[in-house]
Amino acid sequence: MALSRLEKAQIWFFRMAMAFFFAVFQFFSPRRAAGRKLPPVSDPLLLLSATQLAKKIRRKEVSSVEVVQAYIDRIQEVNPLVNAVVKDRFAAALQEAAQVDKLIEEETGGEEVLEDRLPLLGVPLSVKESFSLQGMPYTAGLVSRRGVVASVDAPPVALLKRAGAIPLGVTNTSELCMWSESHNHLYGITCNPYDLERIPGGSSGGEGSILAAAGAVIGVGSDIGGSIRMPCFFNGIFGHKTTPGVVSCENQYPPTSGRQDEYVSSGPMCRYAEDLLPMLQIMSGPNAHRLSLGTKVELKKLRFFTIPHDGGSVYTHPVSKELLDIQKKVVEHLEADFGVKVQRVCLPELRYGFQIWNRYMGLPDKDGKPPLAFAELMGEPGRPAWPLWELLKWMMGKSDHTMAAIMLAVVEMTQGSKASPFIIQKKEKLQKDMEELLGTDGVLLYPSHPRVAPKHHHPLFRAFDFAYTGILNILGLPVTQCPLGLGQEGLPLGVQVVAGKLQDHLTLAVAIYLEKTFGGWRDPGAN
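Residues numbered from 1 in each chain as written. Predicted model: local features only at pLDDT ≥ 70, side-chain atom pairs only at ≥ 80, totals over all residues. Heavy atoms only, no water.

### Looking at the overall build of the protein chain
And then number 1: Across its full length, the protein chain carries 17 helices and 13 strands.
And then number 2: For the protein chain, the C-alpha radius of gyration of 22 Å lies close to 24 Å, the compact-globule estimate for 527 residues.
And then number 3: In terms of its C-alpha atoms, the protein chain occupies a principal-axis envelope of roughly 70 × 60 × 50 Å.
And then number 4: When the 527 residues of the protein chain are sorted by exposure, 59% land in the buried category.
And then number 5: Long-range pairs, those at least 24 residues apart, make up 77% of the contacts in the protein chain with a sequence separation of at least 6.
And then number 6: Just so you have it, the protein chain exposes about 21,700 Å², and 56% of that area is on carbon and sulfur atoms. (Helix = DSSP H or I, 4+ residues; strand = E, 2+ residues; numbered from the N terminus. Rg over C-alpha atoms; globule rule 2.2 N^0.38 Å. Buried < 20%, exposed > 50% of the residue type's maximum accessible area, 1.4 Å probe, protein only. Contact = heavy atoms within 4.5 Å. Areas by Shrake-Rupley, 256 points an atom, 1.4 Å probe, with all protein chains shown as cover.)

Here is the structure:
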């Protein structure tokens, strides 16, 4: 479907305006010292999946203390460069690891009993700071919440701990978890381990960064607009946005309001694809049966589709050639390896992805209560923030808030709480077409983002590119983010793998295949 002249003019004007402001920003921006790089991974324990580590620990081939210490050493080595872990619990983790080793020594039921009861026994875990982890900071990067400490564990964290995992610490987020760069005035800015001048994404950017830097092997994230998938894409790791309503999102900050619980998901983030399914099985708790995770998937019997771009949105940038090319290579491999035909499809409503996400995020709940205003959250625990006043303070270097958070609050002031009939129509048409396309045996390839990891603060001038991930939140579909090697700048490439509702097992199976085919995670410190 071709763009109208008006749409083409809108796109041209929008991009010229962004290019102008971006040029001004670059002119006044301080220059950072370049050339710093992460050291390569030297301990072979850091190159094993959580599944493999758990097996070795159960078999007494390595102790949990050795594994936990190896990860502590790596965090201490890389965190001064990436600023991903904002608070550690190393002493407590080593004590818990020693208790694990004692438990294994005293176990009389054998390895199978331990595997069934405690599948992640002794394996280190990182946790996004916006998840409640008992005894740890619980601020979502908000300066006014400094000193808030979690008194309980969020349900997914509790389930992972109950399965034997040992948390090492909590990781950085964007302010209030609503931006694509993990930066706030409480903990500072987190860096991408492949290029310290670039962003690790957000809001689960601390998780993405420390996982990619081999400072963690498994972690947990949340996603309401791409907050698992963008960090996984930018950092070259695996992540899964679960079908909404399966993994609990309780005891996370900020809480959802309005209809946002229909769009938010919690899910696993990890370096190795084989860890996705067992993690999701554990994190889903009593809802795990809804996902058919035990069903064997034969990829040659699935129907595959590809959509290379959103069709030309006014708000998003064009998908880069290297990302178009790598998605095309995925198509070629699927067709060659399984004898399937990957059908290229066009869903014109995708070009309205940002408008749909933006409007539906602001809808009231079934009782007519609107979502909490972002300015209210910024002012927690006191009165709501005044966005224009905070903007003035920011210009004088006096605001406790980031420019991204302030601008979100300013934009929110101009919006109503109702979606236009046009946007509702586009969303409902897209929902119907996508569900009919995917059914229970369809898998879709869709770009994760128009570009590889941007440089720090550049998302301020490409604010709406997250629509590639955000639209899939509003549609309520499960998505696995898969790495596809490194591009021409040495930065991770990747693709979103999408399935119908509750068909999460299909995308997880494709992730295993893509890891074998494209090599999965790459050590950012390697030459």
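### Notes on helix α10 (residues 321-338)
And then number 1: With 18 residues, α10 should reach 26 Å at 1.5 Å per residue; the first-to-last C-alpha distance of 26 Å fits that figure.
And then number 2: Every buried residue belonging to α10 is among Glu 322, Leu 323, Ile 326, Gln 327, Val 330, Val 331 and Leu 334, and all of these are buried.
And then number 3: On its buried face, α10 sits against α8 (229-235), β9 (303-306), β11 (442-446), β12 (479-486), β13 (492-499) and α17 (504-518).
And then number 4: Just downstream of α10, Gly 339 is the residue with a positive phi angle, here 65°. (Expected span 1.5 Å × (residues − 1).)

### Description of the pairing of strand β6 (residues 218-223)
And then number 1: β6 sits mainly inside the fold: 6 of its 6 residues count as buried.
And then number 2: As paired elements, β6 and strand β8 (residues 265-270) share 6 bridges and run antiparallel to each other. Residue pairing in the sheet places Val 220 in a bridge with Pro 268 of β8. (Pairing = 2+ DSSP bridges.)

### Observations concerning the environment of Ala 499
And then number 1: Structurally, Ala 499 can be placed in strand β13.
And then number 2: For the pair formed by Ala 499 and Gly 258, sequence separation is 241 residues and the distance between their alpha carbons is 26 Å.
And then number 3: The residues contacting Ala 499, other than those within four sequence positions of it, are Leu 438, Gly 442, Leu 477, Pro 478, Leu 506 and Thr 507.

### A closer look at the pattern of salt bridges
And then number 1: Per the stated rule, a full pass over the model turns up 22 salt bridges.
And then number 2: Taking the shortest distance from any N to any O, the salt bridge between Glu 115 and Arg 58 comes out at 3.9 Å. With a gap of 57 residues between them, Glu 115 in helix α5 (residues 111-117) and Arg 58 in helix α2 (residues 50-58) connect regions that are remote in the sequence.
And then number 3: The network of salt bridges with shared partners includes Arg 58, Arg 59, Glu 111 and Glu 115. (Salt bridge = Lys/Arg side-chain N within 4 Å of Asp/Glu carboxyl O.)

### A look at the environment of Ala 91
And then number 1: Position of Ala 91 relative to the elements: it lies in helix α4 (residues 90-106).
And then number 2: What makes Ala 91 exposed here is its relative accessible area of 56%.
And then number 3: For the pair Ala 91 and Cys 177, spaced 86 residues apart in the sequence, the C-alpha separation amounts to 28 Å.

### Considering the packing of helix α6 (residues 155-162) against helix α9 (residues 276-284)
And then number 1: For the pair α6 and α9, the least separation of the axes is 8 Å and the interaxial angle reads 115°. Between α6 and α9 the crossing geometry is right-handed. Residue-level contacts link Pro 156, Leu 159 and Leu 160 of α6 to Met 279, Ile 282 and Met 283 of α9.
And then number 2: Tallied by class, residues from the contact of α6 with α9 come to 6 nonpolar, no polar and no charged. (Axes fitted to C-alpha atoms, helices over the stretch in contact; angles between N-to-C directions. Left-handed = near helix turned anticlockwise from the far one by under 90°. Nonpolar A, V, L, I, M, F, W, Y, C, P; charged D, E, K, R; others polar.)

### Here's the deal with the nonpolar core
And then number 1: With 146 residues, the main nonpolar core has Leu 160, Ile 218, Met 434, Leu 472 and Leu 514 as its most contacted residues.
And then number 2: When sequence neighbours within four positions are dropped, the list of residues in contact with Leu 514 reads Val 330, Cys 482, Leu 484, Val 495, Val 497 and Gly 519.
And then number 3: Listed in part, the 17 residues of the second largest apolar core include Ala 140, Leu 377, Leu 391 and Ile 406. (Core = buried A, V, L, I, M, F, W, Y, C linked by side-chain atoms within 4.5 Å.)

### Description of the side chain of Asp 523
And then number 1: Examined against the element boundaries, Asp 523 turns out to sit in the segment after α17.
And then number 2: With no salt bridge to any partner, buried Asp 523 finds its closest opposite charge in Arg 74, at an N-O distance of 4.4 Å.
And then number 3: Here Gly 525 takes part through its backbone nitrogen, which lies 2.9 Å from a polar atom of the side chain of Asp 523.
And then number 4: In contact with Asp 523, not counting residues within four places along its chain, are Pro 40, Val 41 and Arg 74. (Lys, Arg positive; Asp, Glu negative; His and termini not counted. Polar contact = N/O pair within 3.5 Å; in protein donor to acceptor, adjacent residues only side chain to side chain.)

### A few points about the pairing of β8
And then number 1: A large share of β8 lies buried, amounting to 6 of its 6 residues.
And then number 2: One ladder, built from 2 bridges, connects strand β7 (residues 238-241) with β8; its direction is antiparallel. For Phe 238, the partnering residue across the bridge sits in β8 and is Cys 270.

### Section: the sheet that holds β6
And then number 1: The 11 strands lie next to each other as β1-β3-β2-β6-β8-β7-β12-β13-β11-β9-β10, forming an open sheet whose pairing is mixed. Edge strands, defined here as strands with exactly one partner in the open sheet, are β1 (85-88) and β10 (343-344).
And then number 2: Contacts from α17 reach β7, β9, β11, β12 and β13, with the element oriented near 5° to β12.

### Looking at the UniProt feature "active site" (unreviewed entry) in the protein chain
And then number 1: Within the UniProt annotation, "active site" (unreviewed entry) is assigned to Lys 128, Ser 203 and Ser 227. For this annotated set, covering 100 residues, all C-alpha atoms fall within 10.9 Å of each other, a compact arrangement in space.
And then number 2: Residue placement: Ser 203 occurs in the loop between β5 (188-189) and α7 (205-212).
And then number 3: We classify Ser 203 as buried; its relative accessible area is 1%.
And then number 4: Sequence-distant contacts of Ser 203, that is, excluding residues within four places in its chain, are made with Lys 128, Asn 172, Thr 173, Ser 174, Cys 177, Met 178, Trp 179, Ser 182 and Ser 227. (UniProt positions renumbered as here; feature names shortened; annotations may be inferred.)

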